[in-house]
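# Results of the structural survey
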Amino acid sequence: MSADEIVMIADEDNNPAGSCKRSVMRRKGLIHRAAYILVFSSKGEIFIQERTLTKDIFPGFYDICTGGVVLAGETYEESAERELAEEIGVTGVPLDFLFDFYGEYEGQRVWGRVFKCVTDGPFALQEEEVVSGRFLSIGEALTLAEEKPCTPDSVYVLSRYASLNPNNE
């Protein structure tokens, strides 16, 4: 994560509309793209991360998704694979597309593409971005989101997933 990373900017219809530094995108609240990955264990539990206090947005919050901003020149899929490798050290797992969404929160505007994958690890957490991580049941993750500060976009993603997949299929 770097304020100088060049990220993809999108328009209201999710068409590419240029690129700029991450810091500029954050400061101006430009529409951007992000990949979100729900990481499940073979038992159907979801991997939850605690973010570092140095994150540029929602420092110290819990994050129900692995993922991040799509860089200039990247597809959502490439971003998802890169983020899995960087944040939790997972490579070579199939990604299943779930849904796209548009969200606005805390002055940020994002087009998100949501994937899921199944892996039991091993995990190698990126110390610059992730303090800790653990698996929880979906019910426990939803309760966590009510009781602790969680990134609002990841709460939306999990809530939507849970409503579409009541049996976690």
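Read on for an overview of the structure. (Residues numbered from 1 in each chain as written. Predicted model: local features only at pLDDT ≥ 70, side-chain atom pairs only at ≥ 80, totals over all residues. Heavy atoms only, no water.)

Formed by 25 residues in total, the largest nonpolar core has its most connected members in Y36, L38, I46, I48, V114 and V157. Looking at this core, the elements with two or more residues in it are β3 (31–40), β4 (46–51), β7 (96–105), β8 (108–118), α3 (138–147) and α4 (152–164). With sequence-adjacent residues up to four places away left out, V157 is seen in contact with Y36, L38, C65, F99, F101 and V114. Counting residues in hydrophobic clusters, the runner-up holds 16 residues, among them F47, V70, I88 and W111. (Core = buried A, V, L, I, M, F, W, Y, C linked by side-chain atoms within 4.5 Å. Buried < 20%, exposed > 50% of the residue type's maximum accessible area, 1.4 Å probe, protein only. Helix = DSSP H or I, 4+ residues; strand = E, 2+ residues; numbered from the N terminus. Contact = heavy atoms within 4.5 Å.)

Structurally, N14 can be placed in the loop between β1 (6–10) and β2 (16–21). Setting aside anything within four residues of it in sequence, one finds N14 in contact with R33, Y76 and W111.

What follows covers the packing of α3 against α4. Where α3 meets α4, the closest approach of the two axes is 11 Å, and the angle between their N-to-C directions is 140°. Viewed along their axes, α3 and α4 adopt a mutual orientation that is oblique. Where α3 crosses over α4, the handedness of that crossing is left-handed. Residues I138, A141, L142 and A145 of α3 form the contact with α4, whose own contacting residues are V155, L158, S159, Y161 and A162. Its residues placed into classes, the contact of α3 with α4 shows 8 nonpolar, 1 polar and no charged. (Axes fitted to C-alpha atoms, helices over the stretch in contact; angles between N-to-C directions. Parallel < 35°, antiparallel > 145°, perpendicular 65-115°, else oblique. Left-handed = near helix turned anticlockwise from the far one by under 90°. Nonpolar A, V, L, I, M, F, W, Y, C, P; charged D, E, K, R; others polar.)

A few words now on the pattern of salt bridges. Counting across every chain of the model gives 9 salt bridges. Put simply, E77 and R113 hold a salt bridge, and the shortest N to O gap is 3.5 Å. Placement of the pair is E77 in helix α2 (residues 76–88) and R113 in strand β8, with a sequence separation of 36 residues. For E77, a relative accessible area of 34% puts it in the partly exposed group. Among the ionic pairs, R82 bridges to E83, the shortest N-O distance being 3.2 Å. Within this structure, E74, R82, E83 and E86 form a network of salt bridges that share partners. (Salt bridge = Lys/Arg side-chain N within 4 Å of Asp/Glu carboxyl O.)

Summarising the element assignment, E5 is placed in the segment before β1. Not counting residues up to four positions away in its chain, the partners in contact with E5 are C20, K21, R22 and L71.

When we look at burial in α3, the residues that qualify are I138, A141 and L144. Here the buried residues of α3 occupy an arc of 115° about the axis, which is enough to place them on one side. Turned more than 90 degrees away from the buried face of α3, the exposed residues are E146 and E147. (Arc of directions from axis to C-beta.)

The quantities given are spatial measurements derived from coordinates; they are silent on function.
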